[in-house]
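The chain contents come next:
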Number of protein chains: 2
Amino acid sequence: MEEANNQQNRLSATRVGIDTYQESVAYMRDDCLICRAEGFGVQTRVEIRSGERSIIARLNVVESDAGMLSPGHIGLSKVAWERLALTDGREVNVSHPAWVNSLSYVRRKIFDQPLTREQFGAIVLDIQAGRYTDVHIASFLTACANRLDVDEVAHLTRAMVDVGTCLTWPDSGVVVDKHCIGGLPGNRTTPILVSIAAAAGLTMPKTSSRSITSPAGTADTMEVLTRVDLDMDRIRSVVQQEGACLAWGGNASLSPVDDILIRVEKAMDLDSEGQLVASVMSKKIAAGSTHILIDIPVGPTAKVRTRSSAEALKKVFEQVGQCLGVVVCPVITDGSQPIGRGIGPLFEAEDVLAVLQNQDDAPADLRDRGVMLAGLILEMAGRSEVGHGQSLARELLTSGAAWHKFKAICEAQGGLRKLPRVRYRRRLEAPVSGSVKAIDNRKLASLAKLAGAPNAKAAGVRLLVKVGDKVAKGNALLELCAETKGELRYAESYLKQVPDMIQLQ
Amino acid sequence: MEEANNQQNRLSATRVGIDTYQESVAYMRDDCLICRAEGFGVQTRVEIRSGERSIIARLNVVESDAGMLSPGHIGLSKVAWERLALTDGREVNVSHPAWVNSLSYVRRKIFDQPLTREQFGAIVLDIQAGRYTDVHIASFLTACANRLDVDEVAHLTRAMVDVGTCLTWPDSGVVVDKHCIGGLPGNRTTPILVSIAAAAGLTMPKTSSRSITSPAGTADTMEVLTRVDLDMDRIRSVVQQEGACLAWGGNASLSPVDDILIRVEKAMDLDSEGQLVASVMSKKIAAGSTHILIDIPVGPTAKVRTRSSAEALKKVFEQVGQCLGVVVCPVITDGSQPIGRGIGPLFEAEDVLAVLQNQDDAPADLRDRGVMLAGLILEMAGRSEVGHGQSLARELLTSGAAWHKFKAICEAQGGLRKLPRVRYRRRLEAPVSGSVKAIDNRKLASLAKLAGAPNAKAAGVRLLVKVGDKVAKGNALLELCAETKGELRYAESYLKQVPDMIQLQ
C-alpha cells in the first residue's frame, strides 16, 4: 500500500503509448489508494499537474495484474503526455479539478438565455485549456445549435479568434480569402483562383487544411506540387514576394478551438448554422482577411441540401460579416456532382495543372468554376467592376499570367516539384456498352482511400468518364492507382464488392 | 503486413484489463491495415461483432512498439469484453457501425420539435444497445433539458420502463414506494418508513441503490444489517412473506438506461427537471409501484435549492404521474441540514436501529422525519384518513411493531447481522469552548470516504454534536472510525488540513 506521503497525491508518470487523440486520458491502478481517498472512479475528471503545466484528464482504471502499470505510477495517453511535456518517471500531482466556472454559462444557454461576448470568451478559453471533456463540449454545441442569434454568432466568432494566433498584413489594405462549405470530391478550385487573384495584384495569403475524412484536402494536393508546411515567417515572406501563398494552415494555430469543436461535431454528426459560420469566420478573421468569398454548393450529397437553407446560410454570413466589420460575399453554386476528374492528391494536382496550363483536355467544369469564383473575388476586392470580374479572370488564365504566378508561388514556397509517377494501376472496364447513368461519389472516395490516399500521394482514382458519356464494352471507366501492390490489391477487392460504382444503362 | 483475408476485417481479441466503465473502448495498433482501409481513426466508432453479439466501441490507437498488442489483435476494455462474452484469442469482426437512425430524432429535438412515444422508444433502445457514445448521450440530454413538456416526460418514462425488466405484484392492489431527491447525508428514513408501512399491512417492495458519490447509500447501510443482493425470486418471496423488503436494486435491471443517463449527467453536472422526473418514475413504475411518495428536501446544499423550484418540480411529478396512471405524492421537506448522526454504513445503521428500537438517545430528527413520511405513505395508500397518518405511524413505531417487522424482513432476507465492531477510532476534540455554529456536510462526507466508507462498512464519522450545542474545550465533537490503521491515518491528516469542519464560536 502506498505511503502516507501520498497526502500530496503524487505519482510517477508512465507513458502508455495509447493514442486517445485530443482528449487526455489517465490510467490508474485499481488498488491505488489515492483513487479511493479522493473518490476518483472510472470516467472521473482529474487534474494532473507537473510543474507549471496542468491538464484535465479522464480517468480509466487498470487492473493491477494487467501488467500495464507499476504501483505508485499513473499512465498517460499520448496527448496527455505531450501537453504536460513529461519525461518518464517525472512526478505529477493528481487532484480533483477546480470547478469550471464557464459551465454555468453553458447552463444558461441550455435554459435559453443569450450569452454575452465575455461569457463566450470564458467558455472558449476553458475549452482551449482542456478543461472541457468531450461530453461538456457536446453539451455546449447542442445548447447552441439553433439557439444563437446573429450577435451571439459574432461574439462566439470573436472569442474563437481571441484565443489563437492572429495574422496581420500591414502592407495590404484588402486581403482576400475564400472558403468552400461542404466539399465536393475533386473540387480543387483554390489553387486556380488564388493564382488568378495574385496575378491581378491582390493579396491572398491562403492557408488550407489537410483531409479529415476525404481522399485529399487542398493542402495534401498542393503538397504534391510544392512545400506546404511553412512556418509563419516563411508564409509572410512568400506573400510579401508574390502577393499570395498556398500553404498548410496547421502551423499557424488560427482559431485552435475550432478544431476541437469540429472534432466533436463530427462525432455527433451535428452541424448547425451558427457554429458553421463562427467556425469559418473565426479562421478567416484570425488569418487577417478583410474580404471573404464563401462558396456554398447546393446538392443532394453536398453539405447544404436545399436552395432555401443555402439562402438562409448566406444571410447569416452577410449579417455576421457586417457585425465583425469584414466583407463577406457568399455565393450559391451547383453541388450536384463532383468537379474535375481526379480523386486523390496527385490526380487532383494534375487537374489543377491542366487548367492552369490551358491544356485542351483540362476538366472544363473545374476551369469554369475556378474562373467564375475568381471573377467574384476580383469584383469583391474592387479590382473589377461588378459583372466584369469573370472576363478578367478568364483573361488572366488564358494569357498564362495565372500559371506564371502559380509557378512563382511554388518556387517561393520551396520549389515546384516534379509529379510522382504512378507505380501500380488497374483500370475498371465497362462490362457492357451503354451510357454512364450515375457515379457514386462516396464509394469513389472510399475506393481512393483504400488505395492509400491521402497519405500516399500517387494513390487514388482517375475518373475517365462523366455522367452522360457513351461507352463501349471494354472501355476504361476509371483508373485505380496505388503506391504499393498490397494497397492496390486491397482497393481492387473493394471494387469487386461494389460493382455499381459507375452505373451504366 | 496483414493478409488480404482481412477482407472480412477479422482480428483476434485481447483483453487489455482497462476499465473504461460503461463505454466500450477498443484498441488497435497504429500499423493495422484494417484501420487505414476502413478509415478508422482515433475516436472513430467501430462496430465489433462476435457471433450473435455486437457492440459499438470507441477506438483508441496504440503504438506498435508499446508492447500492448500483438499484430492481428484488437484490444478490448473490460466492459467491451464482457458485453461480447469473449474468450482470449476469439476472432471478432470490425466494421463501421450502421447508421443509428434514432439520432435523427435527437436532431429533431435540437430543432425544437416534440418527440413521440415511438421516437423516444427508438432513442432509448439504441442507448440500451450501446449504440450511443457518451457524446451522443450528452447531446440527447442537453437537447431535452428545459425542452420536454409533460407528455414528453411521460413518453420518455415509458420508453425507459419498456427497455428493462418490469416487476409485478399480482397479489397486491396497492404497492407503495418512496424516493428522496437530492440526498442529505445520513438521511436514512427508508428502513424506518418501510418497516412502519409493512407493519401497517402495506406492500412495499423497496429496492435501493448503493452509494454513487456519498459515504453510504441505503443499500450499503442495509447491508450492515442483512443480505441485500437478493435475486428477483428471493425478493418476491420476502415480499410475499413480510409484505416488504429492503434490497439492493442492482440485480433487477429496472430502467437500465436510467443508469447510463445518470452517469453522463453527472459528468456534465447537468440535471434537468424532465430528466429527473423520468428517471425516478421509470424506476418506480418498472418496480411495479402504484403509489409513490417523493421526498423533496429544499435547502442550500440540497439538490433543490429554492421553494419555488420545489413547487415546480412537485407539479411536474403530479402531472406525469397522472399521465402514467400512478398516484404520486410529492412532499417538500427541510433540506437545510443533515438528518441523524452517523455518516457511513455502520453509523447510519446504528441510527436506524436506535430509532426502530425506541432508544432514548435515538436521533430525534431522523425519527420525526421517518414518522412524518411514513404517515404520508399510510394516507396515500388509504390506510389512514388524511391527517391521521402520522399518529398511526408513531404508534406503530413506539409500540415496537415496526421493529418487529424490520427484524422479520431482515430474517427473511438472510438474517439480522450482528453489528461489526469499530476497530480504529479517533476523536476530534473541541479546541476551545463555545457553541457549534456550523457543520460542513460536504467535508464530513469527504472525511468519511477517506476513512473508507462505503466499501469499509465500519468506517466513517459519528457526529457527537449538532448545530447550537454548547461544548467545553476538550469535548469530543466527532468520532472518526476506520477498519485499518492506514485508512485512519489517511483520514486524520485530512482532518488536520481542514480544521473548520465543525465551526465553533
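Residues numbered from 1 in each chain as written. Chains lettered and ligands numbered in written order. Predicted model: local features only at pLDDT ≥ 70, side-chain atom pairs only at ≥ 80, totals over all residues. Heavy atoms only, no water.

Looking at an unreviewed UniProt entry, chain A carries the name Putative thymidine phosphorylase, with the source organism given as Marinobacterium maritimum. The heading Sequence similarities (unreviewed entry) in the UniProt record of chain A holds the text "Belongs to the thymidine/pyrimidine-nucleoside phosphorylase family. Type 2 subfamily." Turning to chain A, the UniProt record has this under Catalytic activity (unreviewed entry): "thymidine + phosphate = 2-deoxy-alpha-D-ribose 1-phosphate + thymine". (UniProt positions renumbered as here; feature names shortened; annotations may be inferred.)

Asks: I would appreciate a short explanation of the relation of the copies chain B and chain A in the present structure.
Replies: In this structure, two copies of a chain are linked by a rotation about an axis accompanied by a shift along it. When chain B is fitted onto chain A, the two copies agree to an RMSD of 0.1 Å after a turn of 180 degrees and an axial shift of 0.1 Å. Each copy turns onto its partner about a two-fold axis. (Least-squares fit on C-alpha atoms with pLDDT ≥ 70 in both.)

Asks: Help me understand the UniProt feature "domain: Pyrimidine nucleoside phosphorylase C-terminal" (unreviewed entry) in chain A, please; the structure alone is not making it clear to me.
Replies: When the UniProt feature table is mapped onto this chain, "domain: Pyrimidine nucleoside phosphorylase C-terminal" (unreviewed entry) is found at residues 435-502 of chain A. Within residues 435-502 of chain A, the helical portion is 34% and the strand portion 28%, while the C-alpha atoms at the span's ends are 10 Å from each other. (Helix = DSSP H or I, 4+ residues; strand = E, 2+ residues; numbered from the N terminus.)

Asks: What is the right way to read helix H18 (residues 485-497) of chain B from this model?
Replies: Spacing of three or four residues puts side chains on the same side of an α-helix, whose turn is 3.6 residues. For H18 of chain B, built from 13 residues, the straight-helix expectation of 18 Å at 1.5 Å per residue is met to within 8% by its first-to-last C-alpha distance of 19 Å. Buried within H18 of chain B are the following residues: Glu487, Leu488, Tyr490, Ala491, Glu492, Ser493, Tyr494 and Leu495 of chain B. (Expected span 1.5 Å × (residues − 1). Buried < 20%, exposed > 50% of the residue type's maximum accessible area, 1.4 Å probe, protein only.)

Asks: I'm lost on the environment of Leu293 of chain A in this one. Help?
Replies: All names here are of chain A. Its location among the elements puts Leu293 in strand S11 (residues 291-298). For Leu293, a relative accessible area of 0% puts it in the buried group. For the pair Leu293 and Ala374, spaced 81 residues apart in the sequence, the C-alpha separation amounts to 9.4 Å. Not counting residues up to four positions away in its chain, the partners in contact with Leu293 are Asp177, Lys178, His179, Cys329, Val331, Leu373, Leu376, Ile377 and Met380. (Contact = heavy atoms within 4.5 Å.)

Asks: Any chance you could explain the domain arrangement of chain A here in plain terms?
Replies: Interface extent is often summarised as the accessible area lost during association of the parts. Looking at the assigned domains, one finds that chain A contains domain 1 (2-95), domain 2 (176-253 + 287-413) and domain 3 (424-504). Spacing between the C-alpha centres of domain 1 of chain A and domain 3 of chain A amounts to 48 Å. (Domains from an automatic or database assignment.)

Asks: Just checking my understanding: could you explain the sheet that holds strand S15 (residues 434-439) of chain B for this structure?
Replies: For sheets, the rule is that strands pair by backbone hydrogen bonds, running either parallel or antiparallel. Residue and element names in this part refer to chain B. Read from one edge to the other, the open sheet built from 3 strands follows the order S17-S15-S19, with strand pairing classed as antiparallel. Both outer strands of the open sheet, strand S17 (470-471) and strand S19 (502-504), are each paired with one neighbouring strand and no more. Sheet topology note: the S15/S19 ladder contains 3 bridges and is antiparallel. In the sheet register, Ile439 faces S19, and the bridge partner there is Ile502. (Pairing = 2+ DSSP bridges.)

Asks: Explanation requested: the packing of aromatic side chains in the structure shown.
Replies: Working definition: an aromatic ring pair is given by the centre-to-centre distance plus the angle between the planes. A full pass over the atoms with the stated rule returns 2 aromatic pairs over all chains. A ring pair is formed by Trp403 of chain A and Phe406 of chain A, whose centres lie 6.1 Å apart and whose planes are at 20 degrees; its orientation type is stacked. Here the residue Trp403 of chain A and the residue Phe406 of chain A both occupy positions in helix H16 (residues 401-413), the gap between them amounting to 3 residues, near one helical turn. Of the two residues examined, Trp403 of chain A and Phe406 of chain A, each falls in the buried class. The cationic tip of Arg210 of chain B hangs over the ring face of Trp248 of chain B; the distance from NZ or CZ to the ring centre is 5.0 Å. Of note, Arg236 of chain B hangs over the ring of Trp169 of chain B, and the distance from its end group to the ring centre comes to 5.2 Å. (Phe/Tyr/Trp six-rings, centres within 6.5 Å; stacked < 30°, edge-to-face > 60°. Lys NZ or Arg CZ within 6 Å of the ring centre and 35° of its normal.)

Asks: I keep staring at the sheet that holds strand S17 (residues 470-471) of chain A and nothing clicks. Help me out?
Replies: Read across the sheet, 3 strands follow the order S17-S15-S19 (chain A) without closing on themselves; strand pairing throughout is antiparallel. Two strands bound the open sheet, and with one partner strand each, they are S17 and strand S19 (502-504) of chain A.

Asks: Which parts of the structure should I look at to understand the interface of chain B and chain A?
Replies: Counting from both sides, the interface comprises 56 residues of chain B and, opposite them, 56 residues of chain A. Counting across the chain B and chain A interface gives 6 salt bridges. Of the charged contacts, one joins Glu63 of chain A and Lys78 of chain B as a salt bridge, the two residues approaching to 3.6 Å between their closest N and O atoms. If you look at where chain B meets chain A, you find 14 residue pairs in polar contact (both at pLDDT 80 or more). Looking at the side of chain B that touches chain A, the elements that each hand over two or more residues are strand S2 (18-19), helix H1 (33-38), strand S5 (53-62), helix H3 (103-110), helix H5 (134-144), helix H10 (256-268) and H18 of chain B. (Salt bridge = Lys/Arg side-chain N within 4 Å of Asp/Glu carboxyl O. Polar contact = N/O pair within 3.5 Å; in protein donor to acceptor, adjacent residues only side chain to side chain.)

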